[in-house]
Amino acid sequence: MIVSDDEIGLQGGQHVKKEIEESGGCVAFVARIHLRYSKAKVLQVVQQIQQHSVKVVIVHSTEAYVKALLETMYSHNVTGKTLIFSAYFVISPAIFADQAWKILNGTLALTLYAGIMPGFTDFLYRLHPDNVFTELLWEQIFSCQLSWVNRSDTTNAAAEVDLLAPCSGQENFDAATLPQFELNDMSYTYHSYTAVYAFAHALNTLIDCKAGQGPFIDGSCANIKDFQPWQLLHYLRNIKFKDQNDEEIFIDVNGDAHTSFNILNIQISESGDFQLVKVGKIDTTAPEGKQVTVNMAAILWGLGSGVPRSVCSESCTPGYRKAAREGEPVCCFDCVPCSQGEISNVTDMTSCTKCPDSEWSNEERDQCIEKVVEFLTFEEPLGLTLTISASSMTVLTASVLLVFMKYQNTPIVKANNRGLSYLLLFALMLCFLCSLIFIGRPKRLTCILRQMVFGIIFSISVSCVLAKTVIVFLAFMATNPRSSARKWLGLKTPTSIVSFCSLVQTLISVVWIINSPPYPELNTVSYINKVIFECNEGNTMFFYFMLGYMGLLATISFIVAFLSRNLPGSFNEAKLITFSMLVFVSVWISFIPAYLSTRGKYMVAVEVFAILCSSAGLLGCIFFPKCYIILLRPDMNSRQCVVGKVHLVIKKR
């Protein structure tokens, strides 16, 4: 909007802006214009119009203030804008330079409704130069000089007029001269015409007043020869009459006349003819929905373009939301893409809608789609690789067990506590197999079993290693006849160690299941675009108790084995157990940060990998060297080799 920088322009502009906004429209900016503005200040307004994306500019100002604006718009080639002039603007082509007409072409203007004034055109044709106004008009139209006009006060003007031919005073107006009267906008003339009739009807009513029935004190009437203005105003209010065109004219109790407006379209032909074409009407007394009538086909838009589409910001398509620009009206906004997990499926949404927990936004952010449910399956490459590895290691462990059972009477098998070796190998087989419980769709039973079975079986394995280490140490100490360690040798000690250590882990698992058992759940938090189907471990404190206890057993085994590492090599497994426990502890220490830093199926894969690696470490470090001797170096699997080394150590002591 462009408004004149005066009381009428500012107040009227605010009223127009309010009406536009209440009708669902929006005013992107309001700029002021004034006759006294400098060229630089006018240029600022023009630049604001030029740089803004809006295509329609409403002008609420007098024509005198707009003159400099139009000329500046033309000089800076401001095109593609449609101007709409309020009724405050009087359309007078003569006031604007021909260059400004290019800007005016195709614009719309509101003018007060002007009906037909019978006889007015004939009156214009019958004008004579009998007063100062018609004398000047006469000389201008006919380019002649009236001899009786006094020009003594304007010497230069008189000198110029002396060059003109004298006027006869009988010149005639015709169709060619009629446009000089600027009949484009007769609204003010017509309303002056109706105002005179309104006063005439009010006076007529005042005269017809009968004493005792008047509207004033005690039913008095106004004195026709000496009435007061307020008395005439009383009759003007609520007056209603029909003019000579049979059009109804009325004034309300506030003294406001019923006003209708014509919608005019300024059309300038290629030959330069200026035309005002009536393309519609605004009648405030018409029924709702019929107050505005427009003949769109009659409108000539500027530069031959179609109906202008004027927006401060283009509509935000689905997938975007409107973000208001600071300090600008609501119709000026930026389109911001919806965040992940949110959508907008309607144009010009002010906020995005968050998808349900089980759904996620698509790439276009215009609809929610079901999240991918993810868990470690047997079919995918990662799950298949772990399954094959577990199965292969199980078969390999079973093969080692068969080898030991086949060669159970050989010195190398008998010298390393055959029963504990069988139990350890069987426990390792179960360790490899228990990793398969972690793979596949989580179920309530598998969620409960997998950590409990894993913890108990691993405790049996580590306690077997601990028992082996203790037995080796006691066996060496028992070589001294006076040693009290002899009474601890036999099946009772390893059985007690394995039973007690396994029982503690079993108790931890039972308490865990009773108080806070693991259960399957859909995790919608860890990943934004997928659902993780996983086992919730319940109270994770029990999980870390289980790992901590298993680590304690491994640490004790490592310490005892390390202290026994220098005992006779053929009779003792201390060096092998030391290395196996070093591998075991290293794997599980590395497991904790890796486990905590992953989510979903990769967390499960990390735990399965740790189970396989630690079990393989025990199998490889403890049993592979013995299998090597049994299968490839049978010459070393003899009593002489074992006994000889033992005797050598005893003699040295």
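Look a little higher up for the structure.
Thresholds applied
All residue numbers refer to position in the chain's written sequence, counted from 1. Local features in this predicted model are restricted to residues whose pLDDT is 70 or higher, and side-chain atom pairs enter the listing and the counts only when it is 80 or higher, whereas totals over whole chains, interfaces and linings include all residues. Think of the side-chain values as coming from all heavy atoms in the structure, minus any hydrogens and water. Two rings from Phe, Tyr or Trp (for Trp, the six-membered ring) form a pair when their centres sit within 6.5 Å of each other. Planes less than 30 degrees apart are called stacked, planes more than 60 degrees apart edge-to-face, and all others tilted. Helix and strand definitions here come from DSSP, where helices need a minimum of 4 consecutive H or I residues and strands a minimum of 2 consecutive E residues; each element is numbered from the N-terminal end. Buried, partly exposed and exposed residues are distinguished by accessible area as a fraction of the type maximum, computed with a 1.4 Å probe on protein chains only: under 20%, between the cut-offs, and over 50%, respectively. To sit over a ring, a charge needs its Lys NZ or Arg CZ within 6 Å of the ring centre and within 35 degrees of the ring normal. The residues that make up patches have over 30% relative accessible area and no salt bridge, and they are joined within 9 Å when like-charged or within 5 Å when they are Val, Leu, Ile, Met, Phe, Trp or Tyr. Accessible areas in this description were obtained via Shrake-Rupley with a 1.4 Å probe; residue shielding takes into account the shown protein chains only. By definition, a salt bridge exists where a carboxyl oxygen of Asp or Glu is found within 4 Å of a side-chain nitrogen of Lys or Arg. A helix's residues, less one, multiplied by 1.5 Å, set its expected span. In protein, a polar contact requires one atom able to donate a hydrogen and another able to accept it; more generally it is a pair of N or O atoms within 3.5 Å, and residues adjacent in sequence count only if both atoms are side-chain atoms. Contacts are assigned to residue pairs that have any heavy atoms within 4.5 Å of one another. Paired strands, in this sense, are two strands between which DSSP finds at least two bridges. Under this scheme, a helix contributes an axis fitted over its contacting stretch, all axes are lines through C-alpha atoms, and angles between N-to-C directions fall in the 0 to 180 degree range. Oblique is the label for every angle not falling under 35 degrees (roughly parallel), over 145 degrees (roughly antiparallel), or within 65 to 115 degrees (roughly perpendicular). Three residue categories are used. Nonpolar comprises Ala, Val, Leu, Ile, Met, Phe, Trp, Tyr, Cys and Pro, charged comprises Asp, Glu, Lys and Arg, and polar comprises the others, including Gly. Here the nonpolar core consists of buried residues drawn from Ala, Val, Leu, Ile, Met, Phe, Trp, Tyr and Cys, with membership extended through side-chain atoms lying within 4.5 Å. Cysteine sulfur atoms are paired as a disulfide whenever they come within 2.5 Å of each other.

**Focus: the packing of aromatic side chains**
Scanning the model with the defined rule gives 21 aromatic pairs in all. With a centroid separation of 5.4 Å and an interplanar angle of 75°, the aromatic rings of Phe404 and Phe623 are classed as edge-to-face. Placement of Phe404 in helix α10 (residues 381-406) and of Phe623 in helix α17 (residues 601-632) is noted, with a sequence separation of 219 residues between them. On the basis of relative accessibility, which here comes to 1%, the residue Phe404 falls in the buried class. Owing to a relative accessible area of 0%, Phe623 belongs among the buried residues under this scheme. On the numbers, 6.3 Å between centres and 55° between planes, the contact of Trp512 with Phe543 is tilted. In this pair, Trp512 is assigned in helix α14 (residues 492-515) and Phe543 in helix α15 (residues 540-563), connecting sequence segments 31 residues apart. Exposure remark for Phe543: the relative accessible area of 2% places this residue in the buried category. Between Lys41 and the ring centre of Tyr37, over which it is positioned, the NZ or CZ distance is 4.2 Å. We note Lys240 situated over the ring of Phe250; from NZ or CZ to the ring centre the distance is 5.8 Å.

**Digging into a nonpolar patch on the surface**
On the surface, Val292, Val294, Met296 and Val307 cluster together into a nonpolar patch covering about 340 Å² of accessible area. Relative to the assigned elements, Met296 resides in the loop between β12 (292-294) and β13 (320-324).

**Thoughts on helix α16 (residues 574-596)**
For an α-helix, 3.6 residues make a turn, and residues three or four places apart therefore share a direction. Between its first and last C-alpha atoms α16 spans 33 Å; for 23 residues at 1.5 Å apiece the expected length is 33 Å, and the two agree. When we look at burial in α16, the residues that qualify are Ala574, Ile577, Thr578, Ser580, Met581, Phe584, Val587, Trp588, Phe591 and Tyr595.

**Quick word on the side chain of Ser260**
Take Ser260: it is sitting in strand β10 (residues 260-268). Only 3.4 Å separates the side chain of Ser260 from the side chain of Asp283, close enough to count as a polar contact. Setting aside residues no more than four positions away along its own chain, Ser260 makes contact with Thr111, Leu112, Tyr113, Lys281, Ile282 and Asp283.

**Remarks on unusual backbone geometry**
A positive phi is found at Asn77, a non-glycine position, where the angle reads about 55°. With respect to the secondary-structure elements, Asn77 resides in the loop between α3 (63-75) and β4 (82-85). Of note, the phi angle at Asp348 is positive, near 60°, even though the residue is not glycine. Its location among the elements puts Asp348 in the loop between β15 (342-343) and β16 (353-354). For Asp348, a relative accessible area of 27% corresponds to the partly exposed category.

**Remarks on the pairing of strand β3 (residues 56-60)**
For a regular strand, the rule is simple: side chains alternate between the two faces of the sheet. Pairing analysis gives two bridges linking strand β1 (residues 2-4) to β3, with the strands arranged parallel. Across the sheet, residue Val3 finds its bridge partner in β3, namely His60. The sheet contact formed by β3 and β4 spans four bridges and is parallel. Among the inter-strand pairings, Val56 is bridged to a residue of β4, identified as Thr82.

**Re the packing of α14 against α15**
Close contact between α14 and α15 brings their axes to 10 Å; oriented N to C, the two are set at 175°. Here α14 lies roughly antiparallel to α15, going by the angle between them. For the pair α14 and α15, contact is made by Phe500, Cys501, Val504, Gln505, Ile508, Val511, Trp512 and Asn515 and by Phe542, Phe543, Phe545, Met546, Tyr549, Met550 and Leu553, respectively. The residue inventory of the contact of α14 with α15, partitioned by class, reads 13 nonpolar, two polar and no charged.

**A look at the pattern of salt bridges**
Where charged atoms of side chains with opposite charge meet at close range, the side chains can pair. Scanning the entire structure with this criterion turns up 10 salt bridges. The partner of Asp5 in a salt bridge is Arg32, with the nearest N and O atoms 3.6 Å apart. On the criterion of sequence distance, the pair formed by Asp5 in the loop between β1 and α1 (7-22) and Arg32 in strand β2 (residues 31-33) is long-range, its members being 27 residues apart. The partly exposed category is assigned to Arg32, whose relative accessible area is 44%. The salt bridge partner of Arg325 is Glu328, with a shortest N-O separation of 3.8 Å. The network of salt bridges with common partners includes Glu374, Glu380, Lys530 and Lys601.

**A closer look at the sheet that holds β4**
The strands that make up a sheet pair up through hydrogen bonds in the backbone, lying either parallel or antiparallel. The mixed open sheet is built from eight strands, whose spatial order is β2-β1-β3-β4-β5-β10-β11-β12. Of all the strands in the sheet, the pair left with one neighbour each is β2 and β12. Put simply, the sheet's adjacent strands are angled 25° from each other on average, direction ignored. Two elements, β1 and β2, share three bridges in a ladder whose sense is parallel. Bridged to Ser4 within β2 is Ile33. Here helix α2 (residues 39-51) sits on the sheet in contact with β1, β2 and β3, set at roughly 145° to β2.

**Considerations on the sheet that holds strand β19 (residues 372-374)**
One open sheet accounts for three strands, arranged β19-β21-β20; its pairing is mixed. Looking at the sheet topology across the chains shown, the edges are occupied by β19 and β20 (519-523). Neighbouring strand axes in the sheet, compared pairwise and without regard to direction, differ in orientation by 25° on average. Strand direction decides the pairing type here: β19 and strand β21 (residues 530-536), joined by three bridges, are parallel. When the sheet's bridge partners are listed, Val373 is paired in β21 with Val531.

**A word on the nonpolar core**
Phe454, Phe584, Trp588 and Phe623 are the most contacted members of the largest nonpolar core, which totals 63 residues. Elements supplying a minimum of two residues to this core: α10, α11 (411-414), α12 (418-434), α13 (444-477), α14, α15, α16 and α17. It is α17 that contributes the most residues to this core, 15 residues altogether. Excluding anything up to four places from it in sequence, Trp588 contacts Phe454, Phe458, Leu547, Met550, Ala610, Ile611 and Ser614.

**A short note on the state of the cysteines**
Considering all chains together, one arrives at eight disulfides under this definition. There is a disulfide in this structure between Cys26 and Cys331, and the S-S distance comes to 2.1 Å. Here the disulfide of Cys26 and Cys331 is left-handed, its torsion about the S-S bond being about -65°. Separated by 305 residues along the polypeptide, Cys26 in the loop between α1 and β2 and Cys331 in the loop between β13 and β14 (333-337) bring together distant segments of the chain. The disulfide that involves Cys355 links it to Cys368, with 2.0 Å between the sulfurs. The sign of the -90° torsion about the S-S bond sets the Cys355-Cys368 disulfide as left-handed. Of this pair, Cys355 sits in the loop between β16 and β17 (359-361) while Cys368 is found in strand β18 (residues 368-370), placing the two residues 13 residues apart along the sequence. Judged by its relative accessible area of 6%, Cys355 falls in the buried class. Take Cys368: its relative accessible area is 22%, and that puts it in the partly exposed class. Of all cysteine sulfurs, the one in Cys501 lies closest to Cys464, which takes part in no disulfide; the gap is 9.6 Å.

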